[in-house]
Each structure stands twice: as structure tokens, then as C-alpha cells.
Amino acid sequence: MARRIAVAAAFLALAAFPAALAQSPGPAAAPTGPPNVTAILEKGGQYTTFMRLMKETQQDTQLNSQLNSSFGNNGGGGYTVFAPTDNAFNNLKPGTLNSLTQQQQVSLVQGHILPQYYAMDSFQTASNPVRTQASGRDGPYTLNITSDTNNQVNVSSGVVEVRINNALFSTKPLAVYSVDKVLLPLELFGAKAPAPAPTASAGKPKKGGSSDAASGPAGSDDSASSGAASGRAVGLSVAGLAAALAYLL
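Computed from a prediction, not measured in an experiment: that's the story for all the values here.

A.B. asks: Mind showing me how you'd approach the sheet that holds strand S4 (residues 139-147) here?
C.D. replies: The strands making up a sheet are joined through hydrogen bonds of the backbone, oriented either antiparallel or parallel. The strand order across the open sheet formed by four strands is S3-S4-S5-S6, and the pairing between neighbours is antiparallel. Two strands bound the open sheet, and with one partner strand each, they are strand S3 (130-136) and strand S6 (161-163). Across the sheet, the mean angle from the axis of one strand to that of its neighbour is 25°, orientation sign disregarded. Where strand S5 (residues 153-156) and S6 come together, three bridges link them in antiparallel fashion. For Asn154, the partnering residue across the bridge sits in S6 and is Arg163.

A.B. asks: Is there a simple way to explain the packing of aromatic side chains in this structure?
C.D. replies: Any two aromatic rings considered together are summarised by their centre-to-centre distance and by the angle between their planes. Scanning the entire structure with this criterion turns up four aromatic pairs. Taken together, the ring pairs in this structure connect Phe82, Tyr118, Phe123 and Tyr177 into an aromatic cluster.

A.B. asks: I keep staring at the packing of helix H3 (residues 48-56) against helix H6 (residues 102-110) and nothing clicks. Help me out?
C.D. replies: The relative placement of two packed helices comes down to the angle between their axes together with the axis-to-axis distance. Where H3 contacts H6, the two axes come as close as 9 Å, and the packing angle between them is 125°. Taken together, the axes of H3 and H6 lie oblique to each other. Of the two possible hands of crossing, H3 and H6 adopt the one that is left-handed. Side by side, H3 and H6 meet where Phe50, Leu53, Met54 and Glu56 of the first sit next to Gln102, Gln105, Leu108 and Val109 of the second.

A.B. asks: I tried to follow helix H2 (residues 37-44) on my own but got confused; where do I start?
C.D. replies: Since one α-helical turn is 3.6 residues long, residues separated by three or four positions face the same way. Three or more residues of H2 are buried, namely Val37, Ile40 and Leu41. One side of H2 holds all its buried residues, which, seen down the axis, span an arc of 95°. When the buried face of H2 is taken as reference, the exposed residues oriented beyond 90 degrees from it are Glu42 and Lys43. Contact partners of the buried residues in H2: H3, helix H4 (59-70), strand S1 (79-84), strand S7 (167-171) and strand S8 (174-179). One side-chain oxygen of the residue at the start of H2 lies 3.0 Å from the amide nitrogen of Thr38, identifying that residue as Asn36. Immediately beyond the C-terminal end of H2, within one or two residues, lies Gly45, with a positive phi of roughly 85°.

Conventions used here
- Residues numbered from 1 in each chain as written.
- Predicted model: local features only at pLDDT ≥ 70, side-chain atom pairs only at ≥ 80, totals over all residues.
- Heavy atoms only, no water.
- Pairing = 2+ DSSP bridges.
- Helix = DSSP H or I, 4+ residues; strand = E, 2+ residues; numbered from the N terminus.
- Axes fitted to C-alpha atoms, helices over the stretch in contact; angles between N-to-C directions.
- Phe/Tyr/Trp six-rings, centres within 6.5 Å; stacked < 30°, edge-to-face > 60°.
- Parallel < 35°, antiparallel > 145°, perpendicular 65-115°, else oblique.
- Left-handed = near helix turned anticlockwise from the far one by under 90°.
- Contact = heavy atoms within 4.5 Å.
- Buried < 20%, exposed > 50% of the residue type's maximum accessible area, 1.4 Å probe, protein only.
- Arc of directions from axis to C-beta.
- Polar contact = N/O pair within 3.5 Å; in protein donor to acceptor, adjacent residues only side chain to side chain.

Distances and angles like these do not, on their own, reveal function.
Here's what the structure looks like:
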């Protein structure tokens, strides 16, 4: 009887073993696909203007496509996005975005994207200037990234400087960092060189009605007057001499 009970208990234990294995927690599943920048910004909840700009310039589609291509590729450098908050855009001078052409809006968005993945600690060894996705006639738009004594990381476009805040997402191949200012590119918003002062026209009349083009060399009028007077004096002398000879004869 005892033997039967023992055998039955063994069968019950074997039957319960697979169920116990099924209920035991396993390791967390790895992401099954590439990150989506749109979904990350939506989850952040305060990046609607930046998301709208990305959509209107089709940079969201382009970036997500590039992420798809680089996902799982060990040779891919990844991407880093600086996402300005809605307050950052609200603090711009009214009409700033509307004053930009479509291509300039593309450059503005691309100027917030680095073609390389940077974890927060890797910013400290970044080699400035750091190239962005945007480019113009003079080459790529760049940023300068520095860290202070408190290991706080700052990013500068040459027009504005802002501290990098928390990471919305940071897993290679994508890092997304929140910033409280729009990184206005120096190439679009930098101080413009002053226009050259207009030069005096060569034919512009001077005060009194004369002009440089019309006037001759210095002293030419005086020389002409003196020559005419000398000619008249010689003529009078010859006429006088002729009259004297006629009288004597």
C-alpha cells in the first residue's frame, strides 16, 4: 500500500514539473524591431511642434527608414536626436518658423540630428565640431558639445547654447535627448555681414556742377587761359612792329 502511494506521489510530481517551468519568469525579451522616433516623441508628450516639423519635412519617415537599415548592423553608427520641447518653440520670436523656406525648415530639423549614436557619457569625448545631418553651400552644419565641471553636457549651435536634459531614449542605434531651446543653426540665424557702403560714382557731379569725369588734370583750366593771353600779347606786339615799319617807310 505504501509503495502504491509513493508511486502515485512520484507521478503527481512529474506532472506538476512542466507547469512549474511554464510559470517561472524567464529573461526579459529583447526588442524585436528598430526604435521609432515618432513613437518615442509621442510618449514624451511635449514635443508636438518638433513632431509636426519632422512630419512636414518628411524627416520622421527618413530617420525611421535609416534606423530600420542600421538596426542590427554592428557597423552602423546610429543616430542622436536633440528634441526641443514645445516651450522651446514657444519662446522663439513670433514668425520665426514661418519666415523659413521649406528647404530651410528641412535644414532646421536636420540640424537637430547627429549621424552617430551618443550615450550621455560619450559626449565628454566628442570631437568638436560635431557634424549634423544638415548641410549647405559651405559644408555640413555643426554643433559644439562640451561638459562643465559638474559633468553637465551643453550643446551650442553658435547662436544658442542649451544644456542637454534627460534622455527620452538611449539604446543603440538611437538616442533622443530633450532640450529646452531650439538649436537655431548659425548658417540660417547667424549675424549677417553688413552690406558694403556705396562708393561715389565716377561721373557723379560735384558741388558746383563740375564732375571728376568731366574735369581735366589739376590746373588745366588755368594753363589754357594763360596760353590764350600769351597768344594775344604776341599778336599785339607783331601788329605794333608792323605799324612802326610802315610809318618809317
